[in-house]
Amino acid sequence: MKITHIITGLAAAGAETALYHLLAALDRQEYQSEVISLTDRGPTAARIETLGVPVRALAMMRSVPNPLAIRRIAKILRRSRPNIVHTWMYHANLIGGLAARAAGIPVIWGIHHSKVDPQDTKRFTVWTVRACAWFSKQLPARIICCANSSELAHIQLGYDPQKMEVIYNGIDSELFRPQPEARLALRSSLGLPPESLLIGMAGRLHRHKDHRTFFAAARLLRKQLPDVHFVLCGEGILADNPKLAAEIADGLEGHCHLIGLQREMPAFYAGLDIAANSSLSEAFPLAVGEAMACGIPCVVTEVGDSPAMVSETGRIVPPREPALMASAWRQLIEDGPEVRQNLGSSARERVITHFSVTQFAQRYQSLYRNVGNRICGNHKISLAKPETSVPSQTL
């Protein structure tokens, strides 16, 4: 079965990483894959190509509607004749969905956000979300959400509930695993003593990640525990950023380290004492699941599916509450290394049980077969929800 994946872009972010993990885990004897990026290649493109999966970038301008793109993609699809088109994120869902319909190929939509705030989202993106809600009854054969919170939010936005189901993003617990040697290596790379307590967060520089709350919590904790250190990584997380430099200059000099994009994320997570996520909005945050798989207890904000992911293996605090985040960090520090290790072990077991990349791939393979079995000679298929569909995942 040939699957064409259409995605808005290939940055080093959650949905893009989930696509990479899916392509790596799919049965190569049963599935042939290709990827179309609407915009640029991004850092994830090279990773995908190492799997032997071809990547095509269309160089479309971001947030600029271009009806000709639909025609262009439809032409590509007619030429390559995939059995199924799988789109990822809003713009790809709309443009790829219309192109797939024009080419007579069934499409599966992927949703990787939990909520859309019109006051904090680009106007064209808001319009795209609303258009997708209207088209959801006509275009997709199925709509897959990566989190329960995402499914609920989009049903409330008007998406067709009869076509929706949840498939959690998969975490590769063989890649993301405890590494005792990573603790010393990370501290050495930062010029820190081996015994330093280190709290870290991975995430690109974006308002929804709310780094401001992380910095505020770090300042509060440092007043109580002056020797604690903090490390942040991700796209745009560099010391030469004036706003970030100002945050560090305000009481965190020498104790907060900004290291940008990292190639070896398993070693980053495994070297921490505590992993944090201060986001204002999430669906299924891969950074949390990956840190858990590395055996690190997490302190996360109560957004999206983060609380369900972490459960009793870490701490959950309200968003925009730096004092409560600092208090949760301090509690885990005062509980001692043995308690943190036990929590980390429970976190890893939770990932293996509920969020494994094997389960993730199996669910998608079942979905592809289900949709593929309803194709008759590449003609139109019934868009009714199948009676044997897999129910939304729950914990």
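Bear in mind the structure is a predicted one, so any value in this text is a computation, not a measurement.

Novice: I would appreciate a short explanation of the packing of helix α1 (residues 14–25) against helix α15 (residues 357–372) in the present structure.
Specialist: Pairs of packed helices are described in terms of their axes, by the angle between the two and the distance that separates them. Contact geometry of α1 with α15 gives a least axis separation of 9 Å together with a crossing angle of 80°. In terms of their interaxial angle, α1 and α15 are classed as roughly perpendicular. Taking contact as the criterion, the partners of A18, H21, L22 and A25 in α1 are, on α15, V357, F360, A361, Y364, Q365 and Y368. Here the contact of α1 with α15 is composed, by residue class, of eight nonpolar, two polar and no charged.

Novice: It is not clear to me how the sheet that holds strand β10 (residues 256–258) should be interpreted in this structure. Could you clarify?
Specialist: Think of a sheet as strands paired side by side through backbone hydrogen bonds, with each pair either parallel or antiparallel. Strand order in this open sheet of six strands is β10-β9-β8-β11-β12-β13, and the pairing throughout is parallel. Bordering the open sheet on either side are β10 and β13 (315–317), each of which pairs with just one other strand. Looking at each pair of strands side by side, their axes are set apart by 20° on average, direction ignored. Pairing of strand β9 (residues 229–233) with β10, which is carried by three bridges, proceeds in the parallel orientation. Paired with L232 across the two strands is L258, which belongs to β10.

Novice: What exactly am I supposed to notice about the packing of aromatic side chains here?
Specialist: Any pair of aromatic rings gets described here by the distance separating the centres and the angle formed by the planes. According to the stated counting rule, one finds 15 aromatic pairs in the structure shown. With 5.2 Å between their ring centres and 65° between their planes, F214 and W329 make a pair best called edge-to-face. Here F214, found in helix α8 (residues 211–224), pairs with W329, found in helix α13 (residues 322–335); they are 115 residues apart in sequence, far enough to count as distant. Here the two residues F214 and W329 agree in accessibility, since each one is buried.

Novice: Help me out: how do you make sense of the pattern of salt bridges in this one?
Specialist: Side-chain pairs of opposite charge can arise whenever the charged atoms involved come near each other. Applying the stated criterion across every chain, the model contains 12 salt bridges. Its salt-bridge partner being R187, residue D273 comes within 2.8 Å of it at the nearest N-O pair. Here the residue D273 occupies a position in the loop between α10 (265–270) and β11 (274–277), and R187 occupies one in helix α7 (residues 180–189), the gap between them amounting to 86 residues. Of the charged contacts in the structure, one is a salt bridge between E247 and R219, with a shortest N-O distance of 3.1 Å.

Novice: I'm lost on the sheet that holds strand β1 (residues 2–7) in this one. Help?
Specialist: Pairing within the open sheet is parallel, and its seven strands lie in the order β3-β2-β1-β4-β5-β6-β7. What marks the edges here is a single partner per strand, and that holds for β3 (55–57) and β7 (164–166). Between one strand axis and the next, the sheet turns through 20° on average, direction left out of account. Pairing of strand β4 (residues 84–88) with strand β5 (residues 107–111), which is carried by four bridges, proceeds in the parallel orientation. Opposite H86, over in β5, you have I108 as the bridge partner.

Novice: Whenever I open this one, empty space enclosed by the protein confuses me. Can you help?
Specialist: It is the rolling of a water-molecule-sized probe over the atoms that shows where space remains empty. Evaluated as defined, the whole model comprises two cavities of 30 Å³ or more. Along its surface, the largest cavity is lined by G200, A202, Y269, A275, A276, N277, A287, V288, A291, C298 and V300. When contributions to the lining of the largest cavity are tallied by element, the ones reaching two or more residues are β8 (198–202), β11, α11 (286–293) and β12 (298–301).

Novice: I keep staring at the nonpolar core and nothing clicks. Help me out?
Specialist: By size, the foremost hydrophobic cluster in this structure holds 99 residues, and its most contacted members are V35, I48, Y159, F284 and Y368. For this core, the element with the highest residue contribution is helix α4 (residues 90–103), accounting for seven residues. What I48 contacts, discounting residues up to four positions off in sequence, is L10, L19, Y20, L23, V35, V53 and V55. Core analysis: the second largest hydrophobic core is formed by 27 residues, L221, I237, C256 and I274 among them.

Novice: It is not clear to me how the pairing of strand β6 (residues 142–145) should be interpreted in this structure. Could you clarify?
Specialist: Each regular strand displays side chains that alternate between the two surfaces of the sheet. Here β6 shows two buried faces, one formed by R142 and I144 and the other by I143 and C145. Summarising the sheet, β5 and β6 pair through four bridges and their orientation is parallel. For I108, the partnering residue across the bridge sits in β6 and is R142. Two elements, β6 and β7, share three bridges in a ladder whose sense is parallel. Note that in β7 the partner of C145 across the bridge is V166. In this view, the connection linking β6 to its parallel neighbour β7 by way of helix α6 (residues 148–156) has right-handed handedness.

Novice: What exactly am I supposed to notice about helix α2 (residues 42–49) here?
Specialist: Since the α-helix packs 3.6 residues into each turn, any two residues three or four apart lie on the same face. Listing the buried residues of α2 in full gives T44, A45 and I48. Projected down its long axis, α2 carries its buried residues within an arc of 115°, all on one side.

Novice: Teacher, can you tell me more about the packing of α1 against α2 here?
Specialist: Between α1 and α2, the shortest axis-to-axis distance is 10 Å and the interhelical angle comes to 5°. As summarised for this structure, α1 and α2 are arranged roughly parallel, according to the angle between their axes. Contacts from E16, T17, L19, Y20 and L23 of α1 reach α2 at T44, R47 and I48. Of the residues that constitute the contact of α1 with α2, the class distribution is four nonpolar, two polar and two charged.

Novice: I keep staring at helix α3 (residues 67–80) and nothing clicks. Help me out?
Specialist: With 14 residues, α3 should reach 20 Å at 1.5 Å per residue; the first-to-last C-alpha distance of 21 Å fits that figure. Regarding α3, the residues found buried are A69, I73, A74, I76, L77 and S80. Across the axial projection of α3, the buried residues extend over an arc of 160°, all falling on one side. Facing away from the buried side of α3, by more than 90 degrees, are the exposed residues P67, L68, R71, K75 and R79. On its buried face, α3 is in contact with β1, β2 (32–37), β3, β4 and α4.

Conventions and cut-offs
- Residues numbered from 1 in each chain as written.
- Predicted model: local features only at pLDDT ≥ 70, side-chain atom pairs only at ≥ 80, totals over all residues.
- Heavy atoms only, no water.
- Axes fitted to C-alpha atoms, helices over the stretch in contact; angles between N-to-C directions.
- Helix = DSSP H or I, 4+ residues; strand = E, 2+ residues; numbered from the N terminus.
- Parallel < 35°, antiparallel > 145°, perpendicular 65-115°, else oblique.
- Contact = heavy atoms within 4.5 Å.
- Nonpolar A, V, L, I, M, F, W, Y, C, P; charged D, E, K, R; others polar.
- Pairing = 2+ DSSP bridges.
- Phe/Tyr/Trp six-rings, centres within 6.5 Å; stacked < 30°, edge-to-face > 60°.
- Buried < 20%, exposed > 50% of the residue type's maximum accessible area, 1.4 Å probe, protein only.
- Salt bridge = Lys/Arg side-chain N within 4 Å of Asp/Glu carboxyl O.
- 1 Å grid on protein atoms, 1.4 Å probe; cavity = no way out; pocket = protein on both sides within 12 Å on 5 of 7 lines; lining within 4 Å.
- Points joined across faces, edges and corners; volume = space filled by probe spheres on them.
- Core = buried A, V, L, I, M, F, W, Y, C linked by side-chain atoms within 4.5 Å.
- Right-handed = clockwise from strand over helix to strand, strands pointing away.
- Arc of directions from axis to C-beta.
- Expected span 1.5 Å × (residues − 1).

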